[in-house]
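Next come the chains, spelled out residue by residue.
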Amino acid sequence: MSTKKMLRNEAPLLEVKNLETAFDIEGTDYNAVDNVSFKVKPRQIVGIVGESGCGKSVMSLSIMKLLPKGIGKVKSGEIIFDGINLEKMSESQINKIRGKDVSMIFQEPMTSLNPVFTIGYQLQEVLFNHMKISKQEARQKAIALLKSVGISRPEKLVDEYPHQLSGGMRQRVMIAIAIACQPKLLIADEPTTALDVTVQAQILELLKEIQAVNDMSVILITHDLGVVAEMCDEVIVMYAGKIVERADVDTLFHNPKHPYTTLLLGAIPKMDEQEERLSSIKGIVPSLTNMPKVGCRFAHRCPKAMPECFTVTPVLGDVEQDHEVACLLYETSKPREGVK
Ligand code: SF4
């Protein structure tokens, strides 16, 4: 059986159902993630793509329960991880899962690593939080983890500080910390954006290897469809807080349906092209306080917009098996009465 078919038949490791995450701006709630549902299967790599401000990172912070306190909150919906509803868990219960079963790596490792502690200390801290382990064992494990992420002199590096390392090395250290407890799910938020192209490729290769060796699921958040093509099984395209298209990676690249996806694909630079391509899509993502209340949120930038796009809100519907789109060009996106 193909990997795709095997994944299709498996129960999801993560299921996000009708998630709404809001930010309080001057006393009013604005939804940064608006009625989003998706699943991640065991061992699957799911890419979440879209420009800045599309809600990708807010969604991952919602899953990790790391929204800024007093400002961001999950208003409704469910986040079911490995059969457990994370929304119903206390802070201390979540702390047991975070870093152990689900972990995360961010774009800029310098802001995630503590500059005053050695690399070894920071790795061992994660191990002590989740495992009963002696100091000696933790140090040995820290060295082994650094080795597993391709660091060539781990015995020395374990006693060094973050500022002594290059950007690529720091990201390797972050990956070592994230996989220290062999999580079932790794959320990688723009893990290579701050790195130069050669190091980017090495880090992506490393992530792929680690995913395969550890049988992890990965959510890869990126604005770069080139990275998605390299890494992912399935792709979710987000725009202005909503999912606008979801499909397996081959379908999305060869048969994109949503005009936003088509424009994102058109913005990927191609090696064999002489002329300069559009480096970005004209216009900007509407801000949270300026979100259209009805109609398609992409309408003011969409080259295919029709008059109804400004008055009718498209819904996510299956245009074919396992390929969902929210665009009024397709009958399946026209809202039926009583369906949100
Ligand atoms: Fe464009 Fe209309 Fe489709 Fe929105 S619903 S993406 S505006 S064609």
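Just so it is clear, the structure is predicted and the values come from calculations on it, not from any experiment. (Residues numbered from 1 in each chain as written. Predicted model: local features only at pLDDT ≥ 70, side-chain atom pairs only at ≥ 80, totals over all residues. Heavy atoms only, no water.)

### A look at the overall build of the chain
- Per the secondary structure count, the chain includes twelve helices and twelve strands.
- The C-alpha radius of gyration computed for the chain amounts to 21 Å, which stays within 12% of the reference 20 Å derived for 340 residues, consistent with globular compactness.
- If one aligns the C-alpha atoms of the chain with their principal axes, the spans along those axes are about 65 × 55 × 50 Å.
- Relative to its 340 residues, the chain shows a buried fraction of 49%. (Helix = DSSP H or I, 4+ residues; strand = E, 2+ residues; numbered from the N terminus. Rg over C-alpha atoms; globule rule 2.2 N^0.38 Å. Buried < 20%, exposed > 50% of the residue type's maximum accessible area, 1.4 Å probe, protein only.)

### Observations concerning the nonpolar core
- Ranked by size, the top nonpolar core spans 97 residues in total, and within it Leu14, Phe38 and Ile219 carry the most contacts.
- Of the residues forming this core, the biggest block, seven residues, is contributed by helix H8 (residues 167-179).
- Discounting residues that sit within four places of it in the chain, Ile219 has contacts with Leu14, Phe38, Val40, Val46, Ile48, Ile63, Leu185, Leu186, Ile187 and Ala188. (Core = buried A, V, L, I, M, F, W, Y, C linked by side-chain atoms within 4.5 Å. Contact = heavy atoms within 4.5 Å.)

### Describing the site of the ligand
- Every residue near the ligand is listed here: His258, Pro259, Cys296, Ala299, Cys302, Lys304, Ala305, Cys309, Cys327, Leu328 and Leu329.
- Among the detected pockets, the ligand sits in the largest cavity.
- In terms of residue class, the shell around the ligand is made up of nine nonpolar, one polar and one charged. (Near = heavy atom within 4 Å. 1 Å grid on protein atoms, 1.4 Å probe; cavity = no way out; pocket = protein on both sides within 12 Å on 5 of 7 lines; lining within 4 Å. Sits in = over half its atoms within 2 Å of the grid points. Nonpolar A, V, L, I, M, F, W, Y, C, P; charged D, E, K, R; others polar.)

### Observations regarding the pairing of strand S10 (residues 242-248)
- Here S10 lies mainly inside the structure; six of its seven residues are buried.
- Inspection of the sheet shows strand S9 (residues 234-239) paired to S10 by six bridges, in the antiparallel sense. Within S10, the residue paired with Val235 across the bridge is Ala247.
- Hairpin connection, S9 to S10: the antiparallel pair is bridged by two residues, and Ala240 has positive phi, about 50°.
- The pairing of S10 with strand S12 (residues 323-325) spans two bridges and is classified as antiparallel. Bridge assignment links Arg246 to a residue of S12, and that residue is Glu324. (Pairing = 2+ DSSP bridges.)

### Quick notes on the layout of surface pockets
- As a volume, the largest pocket reaches approximately 860 Å³.
- Lining the largest pocket are 33 residues, and of these Asp34, Asn35, Lys242, Thr313 and Pro314 lie nearest its centre.
- Counting residues per element, the ones that place at least two in the lining of the largest pocket are strand S1 (14-25), strand S2 (28-40) and S10.
- Looking at the lining of the largest pocket, the element that brings in the most residues is S2, giving six residues.
- Its residues assigned to classes, the lining of the largest pocket shows 17 nonpolar, nine polar and seven charged. (Points joined across faces, edges and corners; volume = space filled by probe spheres on them.)

### A short note on the sheet that holds S10
- Here we have eight strands laid out as an open sheet, ordered S6-S7-S8-S3-S9-S10-S12-S11, and mixed in their pairing. Bordering the open sheet on either side are strand S6 (102-105) and strand S11 (317-320), each of which pairs with just one other strand. In this sheet, adjacent strand axes meet at a mean angle of 25° when their direction is disregarded.
- In this sheet, strand S8 (residues 217-222) lies alongside strand S3 (residues 45-49) in parallel orientation, the contact comprising five bridges. Residue pairing for S8: Val49 is matched across the bridge by Thr222. (Axes fitted to C-alpha atoms, helices over the stretch in contact; angles between N-to-C directions.)

### A closer look at empty space enclosed by the protein
- Across all of its chains, the model carries two cavities of 30 Å³ or more by this definition.
- Within this model, the largest cavity holds a volume of roughly 90 Å³.
- Residue classes in the lining of the largest cavity are distributed as ten nonpolar, one polar and one charged.
- Volume-wise, the second largest cavity comes out at about 50 Å³.
- Along its surface, the second largest cavity is lined by Ile63, Met64, Leu86, Ile94, Ile97, Arg98 and Val102.
- For the lining of the second largest cavity, the secondary-structure elements that each account for two or more residues are helix H2 (56-64) and helix H3 (91-97).
- Among the residues forming the lining of the second largest cavity, the class breakdown is six nonpolar, no polar and one charged.

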